[in-house]
Amino acid sequence: MAEAAVSEPANEWMSSSPPSYEQSMQFLQENCAPVSCSTRIEVSTNPSVSRSVSREPPPPPLPGPAYYRQKVFSVRSSSCNTRGGYNCVPKETVDIWDKLFEGGYQADVRIFTEDGGVVPAHSNVLSVASPVLKHLLKQQKGKSCPHSFSITGVPYNAACVFIRFLYSSRYEQADMQKFCLHLLVLSHVFSVPSLKLVCTQNLEHGSLTTDNVIDVLQLARLCDASRLNLLCMRLIVKNFKTVAKSEGWKVMQQSDPKLEQELVESVVEADSRKQDKLRKIEEKKIYLQLYDAMEALVHICRDGCRTIGPHDKDLDETMGPCNFPACKGLESLVRHFAGCKTRVPGGCVHCKRMWQLLELHSRMCCEPDTCKVPLCRHFKEKVQQQSKKDEVKWKVLVSKVQAAKKAVNSFSSFLVT
Ligand SMILES: [Zn+2]
Ligand SMILES: [Zn+2]
Ligand SMILES: [Zn+2]
């Protein structure tokens, strides 16, 4: 369709290979900054364009499939929504927009690409789809028709995909795969958030790999694509060893040592967060074991226990072996405690542990007068003479043991309900 409008031999630009990624990056660095954008787009010389472009980029998309469905499939339906119209655009309507682009019927704008291509388009459509293009074309009002401007740094085919998207929000998946990074750049430079979202999604669902993640990360930052930035950071942290071997990483080490340092710090931070989480899980396990031991202690002293043996209880002969899980763990400790001759705190290490369990029980026991656990009352009285430091230490332990049990209980009740 563009051949008719091309002033140079069409074959030249049709067959030329698309610019490399580096060229695109170069293009972006030169164009994505609001001020330089207006200098690269050749027709724009008025500083008001720069001002218009320099507005804040739109906020990043929210995660979640419902949001994407709404954004992607309600093709340009936002105005429809505000007027209370239908959200679904029929295929025929989108076909018409596609045809208008492909046929270039009464096109009044010519868009030149660096490789010699020309894309005919309609100023009205471009103005509605992109605020940047609207300002660009405004500058040419009153001047000779057709208006024209250049998009540099991207191949003709990528520019076509971009302009078609402005018309119908349609694209071929293969084109999106091939020109995703170019389109991301264009979506930012020309302020088309819906295309930025599609590019982000495309990268998120398969195109983002450990090989290209460093390049994409740099691009995401230049394009203010926050979600893409986040996705890249996650991938890097998760697969750091592989990413650090990639070509992109090596190039980045040379070109942007600050970014390298930032990424390494992020990986270290994530690692220490993971270690911290594991330590907390381990701690919680211990607090839970202590809680179980406290319950088992009361059960042993109050009911008697088949596993550990009766003390002053006549156990029912028909009673099976105890299935209180913590009894098994307490068995050897209780047996040792009963037989050990050095029953003083600070003496035998096993006895010391038993003393600690007994003291913990006493701290948690609400019925010291009727309690059957040895030394329960003794420890309650001892509390008065304890130092403040010890007191705080025990209080913290008791609250953590109780909190661990509480958390498990509320989780179980959540599962049941
Ligand atoms: Zn038992
Ligand atoms: Zn001992
Ligand atoms: Zn007690």
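Starting afresh in each chain, residues are numbered from 1 along the sequence in its written order. Chains and ligands are labelled by the order in which they are written, letters from A for the one and numbers from 1 for the other. Selection of residues for local features in this predicted model requires a pLDDT of at least 70, selection of side-chain atom pairs for listing and counting requires 80 or more, and totals for whole chains, interfaces and linings are taken over all residues.

The protein goes by BTB/POZ and TAZ domain-containing protein 3 in an unreviewed UniProt entry, where it is assigned to Taxus chinensis. UniProt positions are given in the numbering used here, feature names are shortened, and annotations may be inferred rather than shown by experiment. Under the Pathway (unreviewed entry) heading, UniProt states for the protein: "Protein modification; protein ubiquitination."

Enquirer: Any details on the packing of helix H17 (residues 257–303) against helix H19 (residues 349–364)? Residues and values, ideally.
Expert: At a closest axis distance of 10 Å, the pairing of H17 and H19 adopts a crossing angle of 85°. What the angle tells us is that H17 and H19 run roughly perpendicular. Only Leu357, Leu360, His361 and Met364 of H19 make contact with H17, whose side of the interface consists of Leu290, Ala293, Met294 and Leu297. Residues belonging to the contact of H17 with H19 are distributed by class as follows: 7 nonpolar, 1 polar and no charged. In this analysis an axis means a line fitted to C-alpha atoms, helices contributing only their contacting stretch, and an angle means the value between N-to-C directions, from 0 to 180 degrees. Note on conventions: DSSP H or I runs of at least 4 residues are helices, E runs of at least 2 residues are strands, and numbering of each starts at the N terminus. The scheme is simple: roughly parallel for angles under 35 degrees, roughly antiparallel for over 145, roughly perpendicular for 65 to 115, oblique for anything else. Contact definition: two residues whose C-beta atoms, as placed from backbone geometry, lie within 7 Å. Only Asp, Glu, Lys and Arg are considered charged in this grouping, and only Ala, Val, Leu, Ile, Met, Phe, Trp, Tyr, Cys and Pro are considered nonpolar; every other residue, Gly among them, is considered polar.

Enquirer: Describe the sheet that holds strand E1 (residues 109–113), listing the residues and the values that go with them.
Expert: The rule for pairing is simple: two strands pair if DSSP sees at least two bridges between them. Pairing in this open sheet of 3 strands is mixed, and the strands run E2-E1-E3 from one edge to the other. Looking at strand neighbours, the two that pair on one side only are strand E2 (118–121) and strand E3 (147–151), the edges of this open sheet. Direction aside, neighbouring strands of the sheet carry axes that sit 25° apart on average. For E1 and E2, the ladder comprises 4 bridges, and the chain directions are antiparallel.

Enquirer: Describe the nonpolar core, and please don't skip the residues or the numbers.
Expert: Soluble globular proteins: nonpolar side chains tend toward being buried together. Nonpolar core, as used here: buried Ala, Val, Leu, Ile, Met, Phe, Trp, Tyr and Cys residues forming one set through C-beta atoms within 7 Å. Neighbour counting defines burial: a residue surrounded by 20 or more other C-beta atoms within 10 Å of its own C-beta is buried, one with 12 or fewer is exposed, and intermediate counts give partly exposed, using backbone-placed C-beta atoms. Grouped together as the largest cluster of nonpolar side chains are 58 residues, with contacts concentrated most on Ala159, Ile163, Leu183 and Cys232. Tallying contributions element by element places helix H10 (residues 156–168) first for this core, with 10 residues. Apart from the residues lying within four places of it in its own chain, the contact partners of cysteine 232 are Leu208, Val213, Val216, Leu217 and Ala220.

Enquirer: Summarise H19; cite the residues concerned and give the values.
Expert: To estimate how far a helix should reach, multiply one less than its number of residues by 1.5 Å. The terminal C-alpha atoms of H19, which comprises 16 residues, lie 23 Å apart, in line with the 22 Å expected from a rise of 1.5 Å per residue. What H19 keeps buried is the set Met354, Leu357, Glu359, Leu360, His361 and Ser362.

Enquirer: An account of the confidence of the model for the protein is requested, with residue identities and associated values reported.
Expert: The predictor attaches a confidence to each residue, called pLDDT, with possible values from 0 through 100. Residue-level pLDDT values for the protein average 77, and 72% of them are 70 or greater. Predicted confidence for residues 67–82 stays below pLDDT 50, and this span has 17 contacts to residues more than four positions away or in other chains.

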